[in-house]
Amino acid sequence: MRIAIIGPGAMGSLFGAYLLRAGHELLLIDHNNTRARTIGQEGLRLHKGDTLHRFTVDATANPLPPSPDSPYDLILVMVKAQQTAKAAETAAKIATDETLILTLQNGLGGAEILCKVLGEERVLVGVTSQGATLLGHGEVRHGGNGETIIGPAAPASKHAAELARIFTEAGLEARWEEGISLHLWKKLCANCGINAITALANIKNGKIYSHPEAAAVCADAVRETVRVATASGTRLGDEEEIVSWVLSVAKATSANRSSMGQDVDRRRVTEVDFINGAVMREGALHGVPTPVNATLFRLIKTLETNFKS
Ligand code: KPL
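Throughout, a residue's number is its position along its own chain's written sequence, starting from 1. Local features are withheld for residues below a pLDDT of 70 in this predicted model, meaning they are given only at 70 or higher, and side-chain atom pairs are given and counted only at 80 or more; totals for whole chains, interfaces and linings count all residues. The side-chain figures draw on all heavy atoms in the structure; neither hydrogens nor water molecules are used.

Enquirer: Which parts of the structure should I look at to understand the site of the ligand?
Expert: Whether a residue is near a molecule or strand depends on its heavy atoms: if one lies within 4 Å, it is near. Neighbouring the ligand are Asn106, Lys187, Asn191, Ile194, Asn195, Asn205, Val249, Ser258 and Ser259. Between Asn191 and the ligand, the recorded distance is 3.1 Å, taken from a side-chain N or O atom to an oxygen atom. Residue burial considers only the protein chains on display, and all accessible areas are found by Shrake-Rupley using a 1.4 Å probe. In the complex, 85% of the free accessible area of the ligand, which totals 280 Å², lies under the protein chains. Amino acids outside the nonpolar list (Ala, Val, Leu, Ile, Met, Phe, Trp, Tyr, Cys, Pro) and the charged list (Asp, Glu, Lys, Arg) are all regarded as polar, and Gly is one of them. Broken down by class, the residue content of the shell around the ligand amounts to 2 nonpolar, 6 polar and 1 charged. The definition of a polar contact used here is a pair of N or O atoms within 3.5 Å, where within protein one atom must be able to donate a hydrogen and the other to accept one, and adjacent residues in sequence count solely through side-chain atom pairs.

Printed below as a string of structure tokens:
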């Protein structure tokens, strides 16, 4: 397959490395010129266990439309949620009618932005529980295997099944499901219950599981998110089961710093608008109170005031 990845952060670099290893043709796109140049010169570096794997890769900040005889089969959108509109413009420049666009971003709203610019027939949306930590430009540690679930943003599409097979063959276990919104909300529960708390308290994910006070805040944020999901038409099931599942995610990713924690460590604006902020907005729309998500959102926003975007 001919693939472009927009956003070579932790997940973008991880997926890029595995897809290159499986023999796919890849272009990495980073809006930052210096970063794109570094990745182009030094390649992708994947740390897995004690082994370092290196991959040569093309990287650019200014992608050109492909020639008609070699279109991109897939554009993977891996930028932070707040950069999706810009990524959609870049994707529109290099996509043809045949190109599929897949987002595996955190939070709610990314797929909608892509559909608006690119049309909903070819946009796919998914969640991934792969564990990845960015160590430098194009350098990533694979912290643990987790499943990727892909589904169509709009009506049924055979492409989700096709992509799930390609990822699985590349060593990134994936499956497809038509009812992807259930998985998007479930992942959102994990992000609402883990990300802002770890960022604010300066802790790794495991502390959410092992510290009773952190676990209590996490549980309250998750319960609110489950109620908002139900009110907006996605039934996630028993609240306490989802709370236990989120705590199990925190335990399984104990040694990881959440993506929002990593953003705060780098003094970068976070995805909170698309995580706790999205729950707060959806809750207001459906009359569901979300005081814990609102508090986490406001504290992160306060912390961000001195960060660059
Ligand atoms: O998706 C994550 C993130 O950090 O964004 C979790 C599930 C919390 C794992 O770190």
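Now that the structure has been shown, the text picks up again.
Enquirer: How do you make sense of the sheet that holds strand β11 (residues 148-152) when you look at a structure like this?
Expert: Note: strands within a sheet are paired through backbone hydrogen bonds, in either parallel or antiparallel orientation. Strand pairing is assigned whenever DSSP identifies at least 2 bridges connecting the two strands. We count a stretch as a helix when DSSP gives it H or I for four or more residues in a row; a strand needs E for two or more, and each element gets its number in order from the N terminus. Pairing is mixed in the open sheet, where 8 strands are placed in the order β5-β2-β1-β6-β7-β8-β11-β12. Each of the sheet's edge strands pairs with one partner strand only, and the pair in question is β5 (58-60) and β12 (174-176). On average, adjacent strands in this sheet sit at an angle of 25° to one another, irrespective of strand direction. As paired strands, strand β1 (residues 2-6) and strand β6 (residues 74-77) are joined by 4 bridges and run parallel to one another. Pairing of Ile5 across the sheet is with Leu76, part of β6. Its contacts with the sheet place helix α1 (residues 10-21) against β1, β2 (25-29), β6, β8 (123-128) and β11, and it is angled at close to 165° to β1. Two residues form a contact once any of their heavy atoms are found within 4.5 Å. Structural elements are reduced to axes, namely lines fitted to C-alpha atoms, with helices fitted over the stretch in contact, and the angle between N-to-C directions of any two is expressed from 0 to 180 degrees. Of the strands in this sheet, β8, β11 and β12 touch helix α6 (residues 180-201), which is tilted by about 40° from β8.

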